[in-house]
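A closer look at the structure
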Amino acid sequence: MKDLLSDIRACTLCQPYLLHGVRPIMTAHPHSRIAIIGQAPGRIVHQTGIPWDDKSGERLREWLGVDSATFYDPEIFALIPMGFCYPGTGGSGDLPPRKECAPHWHSRLFEPMKNLELIVLIGTYAQAYYLKGAQKEALTETVRHFDEYLPAYFVLPHPSPRNNIWLKKNSWFGQEVLPFLREKVDSILLS
């Protein structure tokens, strides 16, 4: 795994398409127990080099019910985006993650992680890639039916502050989904 992580951090596969430069950001360990599959690093994460080191990460840790020390322990959480580098900004936010990363690296990353008990799929890109057509037509419905994807996957919307309106419109998420998520994470951490 050490060599694989070095290879990923040295990857230049998407360099011609990345205006802000190549900086693959992720963490994983052979003993990781929960994998978080996100979208792609944002501008702040690109600068710091720390996965989920922004407002989205703060909210995600709150959703999971874990502190920063637990979240950043790679023997507990593997933090793997669909695209490892910051894709830049488009008209309405960050550009989509580059499509090269997941098919090139994900299966190699997951192969040595024999202790994984849960894969959390955040947002439509991760859900489309991993659920392979089993997701609902809209993210809201996929998340509403989260239990259909268990025990392998737990589906979530993106925790970005841009989704505050979605969270207000869908109060069931905080009332029904998040308690179940925290219970699942707690049971893994205690086992």
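Located above this text is the structure these notes cover.
The numbers attached to residues start from 1 for each chain and follow its sequence in the written order. Per-residue local features are limited, in this predicted model, to residues with pLDDT of at least 70; the limit for side-chain atom pairs, both in listing and counting, is 80 or more; totals at the level of whole chains, interfaces and linings are taken over all residues. Values reported for side chains reflect all heavy atoms of the structure, with hydrogen atoms and water molecules removed beforehand.

A short note on the nonpolar core
To keep things clear, this is the line we draw: Residues belong to a common nonpolar core when they are buried Ala, Val, Leu, Ile, Met, Phe, Trp, Tyr or Cys residues joined through side-chain atoms within 4.5 Å. Relative accessibility under 20% of the residue-type maximum defines a buried residue, over 50% an exposed one, and the middle range a partly exposed one, all with a 1.4 Å probe and only protein chains included. Numbered from the N terminus, helices here are DSSP runs of H or I no shorter than four residues, and strands are runs of E no shorter than two.
Counting 57 residues, the largest nonpolar core has Ile 36, Ile 37, Phe 77, Leu 109, Leu 156 and Phe 173 as its most contacted members. If one sorts the elements of this core by residue count, helix H9 (residues 171–190) sits on top with 7 residues.

A closer look at empty space enclosed by the protein
To keep it simple, the criterion reads: Put plainly, a pocket is an open set of points on a 1 Å grid over the protein atoms alone with protein on both sides within 12 Å along at least five of seven lines, a cavity is a set where a 1.4 Å probe fits but cannot get out, and a lining residue has an atom within 4 Å of a point. Grid points are joined across faces, edges and corners, and a volume is the space filled by probe spheres set on the points. Each residue is assigned to one of three groups, with Ala, Val, Leu, Ile, Met, Phe, Trp, Tyr, Cys and Pro labelled nonpolar, Asp, Glu, Lys and Arg labelled charged, and all others, Gly among them, labelled polar.
Counted by the stated rule, this structure contains 1 cavity of 30 Å³ or more. The volume enclosed by the largest cavity comes to roughly 40 Å³. Around the largest cavity sit Cys 11, Thr 12, Leu 13, Cys 14, Leu 18, Val 22, Cys 85 and Cys 101, which together line it. Residues of the lining of the largest cavity, tallied by class, amount to 7 nonpolar, 1 polar and no charged.

With respect to the side chain of His 46
To keep it simple, the criterion reads: Should any heavy atoms of two residues lie within 4.5 Å, those residues are counted as being in contact.
Tracing the chain through its elements places His 46 in helix H2 (residues 43–48). Classification of His 46 by relative accessible area gives buried; the value is 14%. Sequence-distant contacts of His 46, defined by excluding residues within four places in its chain, comprise His 20, Gly 21, Arg 23, Ile 25 and Tyr 86.

Re the sheet that holds strand S6 (residues 153–156)
In plain terms, the rule: Here, strands pair whenever DSSP counts at least two bridges between them. Interaxial angles span 0 to 180 degrees and are taken between N-to-C directions of axes, which are lines fitted to C-alpha atoms, for helices over the stretch in contact.
In spatial order, the strands read S2-S1-S5-S6; together these 4 strands make up an open sheet with parallel pairing. One side of each edge strand has no neighbouring strand; the edge strands of this open sheet are strand S2 (77–81) and S6. Within the sheet, the average angular offset between the axes of one strand and its neighbour, ignoring direction, is 20 degrees. Two strands pair when backbone bridges link them, and strand S1 (residues 34–38) and strand S5 (residues 118–122) are joined in this way by 4 bridges, in the parallel orientation.

Observations concerning helix H1 (residues 2–9)
To be explicit about the condition: Summarising the geometry, the arc corresponds to the directions from the helix axis toward the C-beta atoms.
Along H1, the positions that sit buried rather than exposed are Leu 4, Leu 5 and Ile 8. Axial view of H1: buried residues confined to an arc of 100 degrees, hence all on one face. Away from the buried face of H1 by more than 90 degrees, exposed residues Lys 2 and Asp 3 are located. As for H1, its buried residues are in contact with helix H5 (101–110).

Observations regarding the pattern of salt bridges
Our working definition: Should a side-chain nitrogen of Lys or Arg be within 4 Å of a carboxyl oxygen of Asp or Glu, the pair is scored as a salt bridge.
Within the structure shown, the criterion is met by 5 salt bridges. Glu 117 is the salt-bridge partner of Arg 33, the closest N and O atoms lying 3.0 Å from each other. You can see Arg 33 sitting in the loop between H1 and S1 and its partner Glu 117 sitting in the loop between H5 and S5, a full 84 residues away along the chain. Judged by relative accessible area, Glu 117 falls into the partly exposed class, the value being 36%.

Topic: H5
Looking only at H5, the buried set comprises Cys 101, Ala 102, Trp 105, His 106, Leu 109 and Phe 110. Seen end-on, H5 carries its buried residues on one side only, within an arc spanning 125 degrees. As for H5, its buried residues are in contact with H1, S1, S2, S5 and helix H6 (123–131).

Digging into the packing of H1 against H5
Heads up, the rule is: Each angle is binned into one of four classes, with values under 35 degrees roughly parallel, values over 145 roughly antiparallel, values of 65 to 115 roughly perpendicular, and all other values oblique. For any pair of crossing helices, the crossing counts as left-handed if the nearer helix is rotated counterclockwise from the farther one by less than a right angle, and right-handed if it is rotated clockwise.
Running from amino to carboxyl end, H1 crosses H5 at an angle of 160 degrees, the nearest separation of the two axes being 11 Å. Judged by the inter-axis angle, H1 sits roughly antiparallel to H5. Considering the relative orientation of H1 and H5, their crossing is left-handed. Across the interface between the two elements, Leu 4, Leu 5, Asp 7 and Ile 8 from H1 touch Trp 105, Arg 108 and Leu 109 from H5.

Section: the packing of helix H3 (residues 55–64) against H9
Remark: H3 packs on H9, axes separated minimally by 7 Å, with the N-to-C direction vectors making an angle of 75 degrees. The orientation of H3 with respect to H9, classified from their angle, is roughly perpendicular. Where H3 approaches H9, its residues Glu 62, Trp 63 and Leu 64 are matched on the opposing element by Phe 173, Leu 178, Leu 181, Arg 182 and Val 185.

Some words on the layout of surface pockets
Here the largest pocket is characterised by a volume of approximately 870 Å³. In terms of lining, the largest pocket is formed by 34 residues, of which the most central are Gln 39, Ser 56, Asp 94, His 158 and Ser 160. Considering only residue class, the lining of the largest pocket consists of 18 nonpolar, 11 polar and 5 charged.

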